[in-house]
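Residue-level listing of the chains:
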Amino acid sequence: MRHAPAASAEATAGTRELLGSAALVIATVVVSLGMFRAFWHRDALADLTRQPGGWLGAIAIVACSAVAHELLHAITWYTAARLPWRAIAFRPGWRTMGFVASPDVPIPARAYRAGLAAPALVLAAVPIVVGLAGNLGLLVLWGLFALLECFSDVATLLATRSVPGNAAVRSHPEKLGCITVAL
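Below you will find a few notes about this structure. As the structure is a prediction and not an experimental result, all values here were calculated from the model.

Quick notes on the rules
- Residues numbered from 1 in each chain as written.
- Predicted model: local features only at pLDDT ≥ 70, side-chain atom pairs only at ≥ 80, totals over all residues.
- Heavy atoms only, no water.
- Helix = DSSP H or I, 4+ residues; strand = E, 2+ residues; numbered from the N terminus.
- Areas by Shrake-Rupley, 256 points an atom, 1.4 Å probe, with all protein chains shown as cover.
- Disulfide = S-S within 2.5 Å.
- Buried < 20%, exposed > 50% of the residue type's maximum accessible area, 1.4 Å probe, protein only.
- Expected span 1.5 Å × (residues − 1).
- Contact = heavy atoms within 4.5 Å.
- 1 Å grid on protein atoms, 1.4 Å probe; cavity = no way out; pocket = protein on both sides within 12 Å on 5 of 7 lines; lining within 4 Å.
- Points joined across faces, edges and corners; volume = space filled by probe spheres on them.
- Nonpolar A, V, L, I, M, F, W, Y, C, P; charged D, E, K, R; others polar.
- Pairing = 2+ DSSP bridges.
- Phe/Tyr/Trp six-rings, centres within 6.5 Å; stacked < 30°, edge-to-face > 60°.

Side note on the overall build of the protein
Here is step 1 of the chain: Broken down by element type, the protein carries 5 helices and 6 strands.
Here is step 2 of the chain: When its helices and strands are written in sequence order, the protein yields β-α-α-β-β-β-α-α-α-β-β.
Here is step 3 of the chain: In terms of overall dimensions, the protein has a C-alpha envelope of 70 × 30 × 25 Å along the principal axes.
Here is step 4 of the chain: Looking at the protein as shown, the accessible area adds up to about 10800 Å², and 69% of this sits on carbon and sulfur atoms.

Given below as structure tokens:
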């Protein structure tokens, strides 16, 4: 007896989600830099000259943050969805000019969204808050750069906001978003 293929639906980012992500990122940059100036009476950008290692140090931080970004996705999916490591793939991402982590099996939408949000929280929000509180302009700038790396994650979070948390989803193979699958 043959079974009909499982029904699926896409939740992908369109213009609305991309513009929403851009607005959120731009607003965070403007507000963070404005708050730093208001708190410390100087520009965070002035700390660029204090970058350890100069431009080479900045390039190293960018490369390390890109790796950490994808590892945070994987670690969160491993933990939140209780996936074995072999169920998380690291594939070349030509749009990102690096590697992209994604679960190879359907996972609950709640865990999928947690994995999407983890880099923005750990690599962006925490450094921005610590930098604002501690007069560390360079840390604020690093956090803002990490937030720029999270642009597509934010757009995907916006695109998947109406997917029920317990729905099984897979990353969309070509677009920002996911595909819900019936198990």
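Structure's up, so let's keep going.
Remarks on the state of the cysteines
Here is step 1 of the chain: Throughout the structure, instances matching the rule amount to 0 disulfides.
Here is step 2 of the chain: The thiol of cysteine 150 is not disulfide-bonded; the next cysteine sulfur, from cysteine 64, is found 16 Å away.
Here is step 3 of the chain: Judged by its relative accessible area of 0%, cysteine 150 falls in the buried class.
Here is step 4 of the chain: We note that cysteine 178 lacks a disulfide partner, and the nearest cysteine sulfur, in cysteine 150, lies 18 Å from it.

What to know about helix 4 (residues 137-149)
Here is step 1 of the chain: With 13 residues, helix 4 should cover 18 Å at 1.5 Å per step; its first-to-last C-alpha distance of 19 Å lies within 8% of that length.
Here is step 2 of the chain: Looking at helix 4, one finds that the buried residues are Gly137, Leu138, Val140, Leu141, Gly143, Leu144, Ala146 and Leu147.
Here is step 3 of the chain: Contact partners of the buried residues in helix 4: helix 1 (15-40), helix 3 (109-134) and helix 5 (151-159).

Details of the layout of surface pockets
Here is step 1 of the chain: Within this model, the second largest pocket holds a volume of roughly 480 Å³.
Here is step 2 of the chain: Taken together, 19 residues form the lining of the second largest pocket, with Gln51, Ala58, Val62, Trp142 and Phe145 sitting closest to its centre.
Here is step 3 of the chain: The set of elements that each furnish at least two residues to the lining of the second largest pocket consists of helix 2 (54-80), helix 3 and helix 4.
Here is step 4 of the chain: Among the residues forming the lining of the second largest pocket, the class breakdown is 15 nonpolar, 4 polar and no charged.

As for the sheet that holds strand 4 (residues 107-108)
Here is step 1 of the chain: If you walk across this open sheet you meet the 4 strands as 1-6-5-4, and the pairing is antiparallel. Bordering the open sheet on either side are strand 1 (8-12) and strand 4, each of which pairs with just one other strand.
Here is step 2 of the chain: Bridge count for strand 5 (residues 168-171) against strand 6 (residues 177-181) is 4 bridges, and the pairing is antiparallel. The residue of strand 6 that forms the bridge with serine 171 is cysteine 178.

Some details on helix 1
Here is step 1 of the chain: For helix 1, built from 26 residues, the straight-helix expectation of 38 Å at 1.5 Å per residue is met to within 8% by its first-to-last C-alpha distance of 37 Å.
Here is step 2 of the chain: Looking only at helix 1, the buried set comprises Glu17, Ser21, Val25, Ser32 and Phe36.
Here is step 3 of the chain: Among the structural elements, strand 1, helix 3, helix 4 and helix 5 are those in contact with the buried residues of helix 1.
Here is step 4 of the chain: A positive backbone phi angle near 55 degrees is found at histidine 41, which sits one or two residues after helix 1.

Examining the packing of aromatic side chains
Here is step 1 of the chain: Inspection of the entire model under this criterion finds 2 aromatic pairs.
Here is step 2 of the chain: Look at tyrosine 78 and tryptophan 85: their rings are 4.6 Å apart centre to centre, the planes differ by 15 degrees, and that puts the pair in the stacked class.
Here is step 3 of the chain: Look at tyrosine 78 and you get partly exposed, because its relative accessible area is 35%.

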